[in-house]
Amino acid sequence: MINRNFQRWFVTVLGLSVALGLAACSKKAADTTTTSAQPPAPAAALTVTGVELGRAVGGDKRVTETVTTFAPNDVVYVSVHTAGSAPSAMLKSRWTYQDGQLIDETEQAIAPNGDEATEFHISKPDGLPPGNYKVEIFLDGVSVQSKDFEVK
Amino acid sequence: MGFSGDSDDKQKPKPDFSNVESGSSSTAPAPAKAPSTAQPKTYVVKQGDNLSKIAKQEYGNANEWRRIYDANRDLIKNPDLIHPGQTLKIPPAEKA
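What counts, and where the lines are drawn
- Residues numbered from 1 in each chain as written.
- Chains lettered and ligands numbered in written order.
- Predicted model: local features only at pLDDT ≥ 70, side-chain atom pairs only at ≥ 80, totals over all residues.
- Heavy atoms only, no water.
- Helix = DSSP H or I, 4+ residues; strand = E, 2+ residues; numbered from the N terminus.
- Buried < 20%, exposed > 50% of the residue type's maximum accessible area, 1.4 Å probe, protein only.
- Areas by Shrake-Rupley, 256 points an atom, 1.4 Å probe, with all protein chains shown as cover.
- Core = buried A, V, L, I, M, F, W, Y, C linked by side-chain atoms within 4.5 Å.
- Contact = heavy atoms within 4.5 Å.
- Buried area = accessible area lost by both parts, 1.4 Å probe.
- Salt bridge = Lys/Arg side-chain N within 4 Å of Asp/Glu carboxyl O.
- Pairing = 2+ DSSP bridges.
- Axes fitted to C-alpha atoms, helices over the stretch in contact; angles between N-to-C directions.
- Phe/Tyr/Trp six-rings, centres within 6.5 Å; stacked < 30°, edge-to-face > 60°.
- Lys NZ or Arg CZ within 6 Å of the ring centre and 35° of its normal.
- Arc of directions from axis to C-beta.
- Polar contact = N/O pair within 3.5 Å; in protein donor to acceptor, adjacent residues only side chain to side chain.

Visitor: How should I be thinking about the overall build of chain B in this particular structure?
Guide: Looking only at helices and strands, one finds three helices and three strands in chain B. Along the chain direction, N to C, the helices and strands of chain B fall in the order α-β-β-α-α-β. Taken across its 96 residues, chain B has 28% of its residues classed as buried. Accessible surface computed for chain B: about 6,800 Å², of which carbon and sulfur atoms make up 51%.

Take a look at the structure:
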């Protein structure tokens with residue numbers, strides 16, 4: 001009788017020990033998984049925050065007065081504002097006339113760190129023909145913004 | 001019979017933008033130079049362009065046209081014949 005009781009007690013204690021041991025192991029494994037799955041803090045991505053057109057830019061490369069109508073002999077400036085940082089990025093302006101006739105493409109390589117501004121400009125010694133124009137801005141080959149303007 | 005307005009519009013020549021002057025500048029610093037991995041500069045051919053004109057614009061010397069031609073042999077069969085819309089690789093200028 002005593003022997004049988006002892007056997008039951010022994011089996012119960014052994015079972016509990018095994019169960020506790022397995023639980024501890026699985027918790028450790030779960031903790032390890034959680035820790036390794038945490039991604040590194042993301043770097044501030046470079047984004048174009050604004051595009052402005054004007055006849056002149058200041059030393060900060062931002063237009064001094066925003067306009068969308070120009071005279072033929074004006075220099076047309078577009079100022080591209082960016083935020084974020086990147087070791088190397090390429091901004092491009094693509095200027096077109098009326099139904100898409102290509103006027104000019106200019107690239108500017110930048111390594112921004114925080115808020116920056118980049119200007120592109122076009123002019124024509126004998127005057128830009130009257131009509132509707134468009135300037136499209138690309139960041140690393142991807143079109144990000146465009147602006148329409150008129151020359152008259 | 002006097003309905004020539006539409007056909008006149010269609011035949012109207014496109015404006016010549018070959019003498020457009022352009023440029024750019026930025027408050028952001030330029031990326032650190034990495035010659036082995038840097039992307040070559042490109043130039044999109046406009047109406048009225050020729051290799052000498054592009055070389056003059058890119059290098060300040062029209063006689064450097066052959067550098068552009070050599071870098072684009074796969075695209076240019078005849079150096080006297082380039083077409084608007086072609087994207088040419090512009091090799092970096094040689095340092096003196």
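Here the narrative resumes, following the displayed structure.
Visitor: Would you take a moment to explain the nonpolar core for this structure?
Guide: The tendency in soluble globular proteins is for nonpolar side chains to be buried side by side. Within the largest apolar cluster, 28 residues are counted, with the highest numbers of intra-cluster contacts made by Val76(A), Val78(A), Leu91(A), Trp95(A), Ile103(A), Tyr133(A) and Phe149(A). At the level of elements, strand 1 (47–54), strand 3 (76–83), strand 4 (89–97), strand 5 (101–110), strand 6 (116–123), strand 7 (131–139) and strand 8 (142–151) of chain A are the ones that each hand at least two residues to this core. With residues up to four places along the chain from it excluded, the contact list for Trp95(A) reads Val76(A), Val78(A), Gln101(A), Leu102(A), Ile103(A), Asp104(A), Phe120(A), His121(A), Ile122(A), Lys134(A), Val135(A) and Phe149(A). The next biggest cluster of nonpolar side chains, apart from the first, holds 12 residues, and it includes Ala55(B), Tyr59(B), Tyr69(B) and Ile82(B).

Visitor: Please clarify how the interface of chain B and chain A should be interpreted in this entry.
Guide: Interface size, as often reported, equals the accessible area lost upon joining of the parts. Between chain B and chain A, the residue contacts involve 21 residues of the former and 32 residues of the latter. Both sides together, the interface formed by chain B and chain A hides about 2,300 Å², and carbon and sulfur atoms give 53% of it. When the buried area of chain B at its contact with chain A is split by residue, Phe17(B), Ser25(B) and Thr27(B) rank highest and sum to 24% of it. At the surface where chain B touches chain A, the tally comes to one salt bridge.

Visitor: Mind showing me how you'd approach the sheet that holds strand 1 of chain A here?
Guide: Working definition: the strands of a sheet are paired by backbone hydrogen bonds and lie parallel or antiparallel to each other. Ordered in space as 1(A)-3(A)-6(A)-1(B), the four strands form an open sheet in which the pairing is antiparallel. Only two strands of the sheet have a single partner each, and these edge strands are strand 1 of chain A together with strand 1 (21–26) of chain B. Across the sheet, the mean angle from the axis of one strand to that of its neighbour is 15 degrees, orientation sign disregarded. Note that strand 1 of chain A and strand 3 of chain A share seven bridges and pair antiparallel. Each bridged residue has a counterpart across the sheet, and for Leu53(A) the counterpart in strand 3 of chain A is Val78(A).

Visitor: Whenever I open this one, the sheet that holds strand 2 (residues 69–70) of chain A confuses me. Can you help?
Guide: Residue and element names in this part refer to chain A. Read from one edge to the other, the open sheet built from five strands follows the order 2-8-7-4-5, with strand pairing classed as mixed. A single partner strand is all that each edge strand has here, and the edge strands are strand 2 and strand 5. Sheet topology places strand 4 next to strand 5; nine bridges connect them, and they run antiparallel. Residue pairing in the sheet places serine 93 in a bridge with threonine 106 of strand 5.

Visitor: Teacher, can you tell me more about the pairing of strand 3 of chain A here?
Guide: Residues in a regular strand point their side chains to alternate faces of the sheet. Residues and elements named next belong to chain A. With respect to burial, strand 3 is a largely interior element, eight of its eight residues being buried. Examined bridge by bridge, strand 3 and strand 6 share seven bridges and lie antiparallel to one another. Considered in strand 6, the bridge of threonine 82 is made with glutamate 116.

Visitor: Is there a simple way to think about the packing of aromatic side chains in this case?
Guide: Centre distance and the angle of the planes are the two values used to describe a pair of aromatic rings. This model, assessed by the stated rule, comprises seven aromatic pairs over all chains. An aromatic cluster of three or more residues is present, and its members are Phe70(A), Trp95(A), Tyr97(A), Tyr133(A), Phe149(A) and Phe17(B). It is Lys92(A) that lies over the ring of Phe138(A); its NZ or CZ is 4.8 Å from the centre. A cation over an aromatic ring shows up here: Arg67(B) above the ring of Tyr59(B), its NZ or CZ 5.2 Å from the ring centre.

Visitor: Quick question: what am I supposed to make of helix 2 (residues 51–59) of chain B here?
Guide: Within an α-helix, residues lying three or four positions from one another point in the same direction, as the helix has 3.6 residues per turn. All names here are of chain B. Buried within helix 2 are the following residues: Leu51, Ile54, Ala55, Glu58 and Tyr59. Axial view of helix 2: buried residues confined to an arc of 100 degrees, hence all on one face. For helix 2, the secondary structure elements touched by its buried residues are strand 2 (41–44), helix 3 (65–71) and strand 3 (87–90). The opening residue of helix 2, the one whose side-chain oxygen lies 3.2 Å from the backbone nitrogen of serine 52, is asparagine 50. Just downstream of helix 2 lies glycine 60, where phi reads positive at about 80 degrees.

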